[in-house]
Amino acid sequence: MEFMRRKMKTIVFLNALGTVIWCASPRCDPGDEFFGRFCKEPEPEKPKCVDIMMNYCDDMSYTHTMFPNILGHRTREEAELGPEYLLLSVVHNLLNGECTPDIRMLGCSVLLPRCEKEKVLKPCRSTCEAVRKNCRHAFEGIEMAWPYFLDCDRFFVSDQEGCYDPLEGLRVTQEEDQASIDNTFEEPHTVIQFSYQSNAQMNSILKKTAARCPEIATTYSIGRSVEGKDLLVIEFSNNPGVHELLEPEMKYIGNMHGNEVLGRQLLIYLTQYLCSEYLLGNQRIQSLINTTRIHILPSMNPDGYELAAAEVQGTNDPENEEAQNHYSWTLGRGNAQNIDLNRNFPDLTAVAYSRRRHRHFRSDHIPIPDAYWFDKVAPETYAVMKWIRSIPFVLSANFHGGELVVSYPYDLSKHPLEEKMFSPTPDEQVFKQIARTYADAHATMSGNNSERCGNFGSIGQDGIINGAKWYSFAGGMQDFNYLHTNCLEVTVELGCDKFPAEEELYTGWQDNKEALLTFMESVHRGIKGIVKDADGNGIKGAMISVRGIRHDITTAENGDYWRMLTAGIHIVTASAPGYTRAMKKIHLPARMQKAGRVDFVLQKAVVETDIEEDYNIPSMGTYERFDPYNQFERYAIREQNQNREERQEKPWWWSYFSRAHGSAPTWLLRID
């Protein structure tokens, strides 16, 4: 009996002990309830506010955060090992100091969200959107996608949802710094960094400039180079992106030859100058931009520039004495296909010469010969041709290096056996006036004692020269502008050194700044007006002819036109198929500061035979026809894509992430 009592006590003790052990276990196994065993999972510990302990986020306006964070990182260690934090740690170097610390602090507000009273607060969407608007161009400049964790709609909330401004502390510091600057400088001024930029940095500057002056500037791409780089244009106007009635349009093109770089740099500086001076209230710049639509393409040949820049960098290496004597005058001149872009345009000059004896000969709007498309057309050339056909440009200059002179059409000698033969256009006097405008405003170009480089023979001492008299070549861009469109273009040679040292860039800017501005202002010389029908509707494509100048220009979409002319008396005629002609005698005084207004009203009429012939010269084709067999799209674009695939490499900044642990952030790679 005693034995049985001890046995029962032992069983009760073991059951009690088992119950204690069982319930002490943090884990419940399947089937516990079946055996009558009941236990309770311990409640997980609630997240608490913890101190911020990350070096690159220690300057936030708050001191506590919480894990898991908005991105799902469970611990500080996990967040520190992620590519998001790695990006924030190197973003200053990636963007060359631009938009930092704004980007870094915005990212920190997602990685380490603000924590108050054991509750996470999300950053404001409005702050994110403002930073994205001002800084997206910086990422595009280095060909990097906008980071996914800075998605304003995904990780940020509105003011109504109780957000906070993650840049609050930064704004206080910036206001203090600005107050200090305001007290230091009494007069505002434009600050330009006179140094060379990579293609990515150049595009970043253009986009940053447009973002700084959105009311007067915008950027757009006209196409891509062989290696896929954007041919980026920045436009200045009081209504950017829109052609305004009677507002003339002009363009500047730099770096057509990749190793001739001063023009590229001057145009980059010019964009910054125009934006800053407009904001500072410079009346001259404001008047220029408010009355003119200005297009600037700093680099027509970004691929060639990269090759030339790499070569020059090697020659400047003090430890590489052999390379210092190796730099070539031609390396990087052509594009990535080694095509000289200033020999790649259709040779319309030879076409014009061959038709000089025709009764109704015209040296304007000559169509592109079909045979041209069966040769190799560079994508850069194709892009520029489409560009200048799509906008009614009036005036243009393209910038080169190797001499100090302004050259004007024609570039091809009128006699095939004469290499240096004076070959004027019908607008010889107008071109001389245009060329002198730049040369005379330049610090040294037109002076009798100015240095001449002598690389292409004697060019005289007045700073301008007819191109064919200097040296003859076919397929040039300025001849194409003149013979295919309304645009009058000259070539500006900026000096003997094609790739000057950085310390010479400031001098180059000072020598050319006034000339750049004066040349743009000269687009307002001559006459302008509107050609309308009896009902007041503008007539597109009407011809404006000037007696004694066998070169007509045509009206734009809404019937407006611009005709550059020298001072004096001119007989001007407007005509169009299906309308009677209208003629006016005008007098342009010397030193006239703006274009004279000359409008025409044309009456409907039956087309006369002789007028019809003017518009249908035998074998001249139709001006509107462009790439008739789609040759470029069929062959050149395909080859361009193949070359791009062969050269496809990760961006230069990829090395920052390739050595990191874990998966590389492919979300930073742009998908075009």
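Residues numbered from 1 in each chain as written. Predicted model: local features only at pLDDT ≥ 70, side-chain atom pairs only at ≥ 80, totals over all residues. Heavy atoms only, no water.

- An unreviewed UniProt entry annotates the protein as Carboxypeptidase Z originating from Salmo salar.
- Of the comments in the UniProt record for the protein, the one headed Cofactor (unreviewed entry) reads "Zn(2+)". (UniProt positions renumbered as here; feature names shortened; annotations may be inferred.)

**A closer look at the state of the cysteines**
Step number 1: With the rule as written, the count across this model stands at 6 disulfides.
Step number 2: Cysteine 99 shares a disulfide with cysteine 135; S-S distance 2.2 Å. In this structure the cystine formed by cysteine 99 and cysteine 135 twists about its S-S bond by roughly -100°; its chirality is therefore left-handed. Taken together, the residues span a long stretch of sequence, with cysteine 99 in the loop between helix 3 (83-94) and helix 4 (102-111) and cysteine 135 in helix 5 (residues 125-141) at a distance of 36 residues. When sorted by exposure, cysteine 99 lands in the same class as cysteine 135, which is buried.
Step number 3: Here cysteine 128 is linked by a disulfide to cysteine 152, with a sulfur-sulfur distance of 2.1 Å. Here cysteine 128 and cysteine 152 share a disulfide; its torsion about the S-S bond, -75°, makes the bridge left-handed. Remark: cysteine 152 occurs in helix 6 (residues 152-155) and cysteine 128 occurs in helix 5; sequence separation between them is 24 residues. (Disulfide = S-S within 2.5 Å. Helix = DSSP H or I, 4+ residues; strand = E, 2+ residues; numbered from the N terminus. Buried < 20%, exposed > 50% of the residue type's maximum accessible area, 1.4 Å probe, protein only.)

**Re helix 10 (residues 283-291)**
Step number 1: Listed in full, the buried residues belonging to helix 10 are Ile285, Leu288 and Ile289. Buried positions in helix 10, seen along its axis, are confined to an arc of 90° and lie on one side of it.
Step number 2: Capping the start of helix 10, asparagine 282 holds a side-chain oxygen 3.0 Å from the backbone nitrogen of arginine 284, two or three residues further along. (Arc of directions from axis to C-beta. Polar contact = N/O pair within 3.5 Å; in protein donor to acceptor, adjacent residues only side chain to side chain.)

**Side note on the pattern of salt bridges**
Step number 1: Across all of its chains, the model carries 24 salt bridges by this definition.
Step number 2: Among the ionic pairs, lysine 229 bridges to glutamate 227, the shortest N-O distance being 3.1 Å.
Step number 3: The exposure class assigned to lysine 229 is buried, which follows from its relative accessible area of 12%.
Step number 4: For aspartate 340, the salt bridge goes to arginine 343, with nearest N and O atoms at 4.0 Å.
Step number 5: Since its relative accessible area comes to 18%, aspartate 340 is described here as buried.
Step number 6: A cluster of three or more residues bridged by salt bridges with shared partners is formed by Glu260, Arg333, Asp340, Arg343 and Lys498. (Salt bridge = Lys/Arg side-chain N within 4 Å of Asp/Glu carboxyl O.)

**Points about the sheet that holds strand 10 (residues 403-408)**
Step number 1: The strand order across the open sheet built from 8 strands is 5-6-8-7-9-12-10-11, with neighbouring strands paired in mixed fashion. In the strand order of this sheet, the two ends are held by strand 5 (217-224) and strand 11 (464-466), each with one partner. With strand direction ignored, the average angle separating the axes of adjacent strands in the sheet is 25°.
Step number 2: Bridge analysis of strand 7 (residues 249-253) against strand 8 (residues 293-297) gives 5 bridges, and the strand direction is parallel. In the strand pairing of strand 8, tyrosine 252 is matched with isoleucine 296. (Pairing = 2+ DSSP bridges. Axes fitted to C-alpha atoms, helices over the stretch in contact; angles between N-to-C directions.)

**Structural notes on the packing of aromatic side chains**
Step number 1: Summed over the entire model, instances satisfying the criterion amount to 29 aromatic pairs.
Step number 2: Judged by centre distance (5.8 Å) and plane angle (80°), the ring pair of tyrosine 148 and phenylalanine 149 falls under edge-to-face.
Step number 3: Of the residues examined, tyrosine 148 reaches a relative accessible area of 26% and is grouped as partly exposed.
Step number 4: Classification of phenylalanine 149 as buried rests on a relative accessible area of 0%.
Step number 5: Summarising the aromatic geometry, the rings of tyrosine 196 and phenylalanine 499 are spaced 5.0 Å apart at their centres and angled 55° between planes, so their arrangement reads as tilted. Note that tyrosine 196 is positioned in the loop between helix 7 (168-184) and helix 8 (199-212) and phenylalanine 499 in the loop between strand 12 (488-495) and helix 18 (505-521), a separation of 303 residues in sequence. This pair shows no difference in class: tyrosine 196 is buried, exactly as phenylalanine 499 is. (Phe/Tyr/Trp six-rings, centres within 6.5 Å; stacked < 30°, edge-to-face > 60°.)

**Let's talk about the pairing of strand 8**
Step number 1: Within strand 8, 5 of the 5 residues are buried, leaving the element largely enclosed by the surrounding structure.
Step number 2: A two-sided burial pattern is seen for strand 8, the buried positions comprising Arg293, His295 and Leu297 on one face and Ile294 and Ile296 on the other.

**Notes on the packing of helix 5 against helix 8**
Step number 1: The interhelical angle for the contact between helix 5 and helix 8, taken along N-to-C directions, is 165°, at an axis separation of 8 Å. Viewed along their axes, helix 5 and helix 8 adopt a mutual orientation that is roughly antiparallel. Read as a crossing pair, helix 5 and helix 8 show a hand that is right-handed. Contacts between helix 5 and helix 8 involve His137, Ala138, Glu140 and Gly141 on the former and, on the latter, Ala200, Gln201, Ser204, Lys207 and Lys208.
Step number 2: Among the residues forming the contact of helix 5 with helix 8, the class breakdown is 2 nonpolar, 4 polar and 3 charged. (Parallel < 35°, antiparallel > 145°, perpendicular 65-115°, else oblique. Left-handed = near helix turned anticlockwise from the far one by under 90°. Contact = heavy atoms within 4.5 Å. Nonpolar A, V, L, I, M, F, W, Y, C, P; charged D, E, K, R; others polar.)

**Some remarks on the packing of helix 3 against helix 4**
A pair of packed helices is captured by two measures, namely the crossing angle of their axes and the spacing between those axes.
Step number 1: Interaxial distance between helix 3 and helix 4 falls to 9 Å at its minimum, and their mutual angle equals 160°. By the angle class used here, helix 3 and helix 4 are roughly antiparallel. You can see that helix 3 and helix 4 cross each other, and the crossing is left-handed. Where helix 3 abuts helix 4, its residues Glu84, Tyr85, Leu88 and Val91 lie against Ile103, Arg104, Gly107, Cys108 and Leu111.
Step number 2: A class-by-class count of the residues in the contact of helix 3 with helix 4 yields 6 nonpolar, 1 polar and 2 charged.

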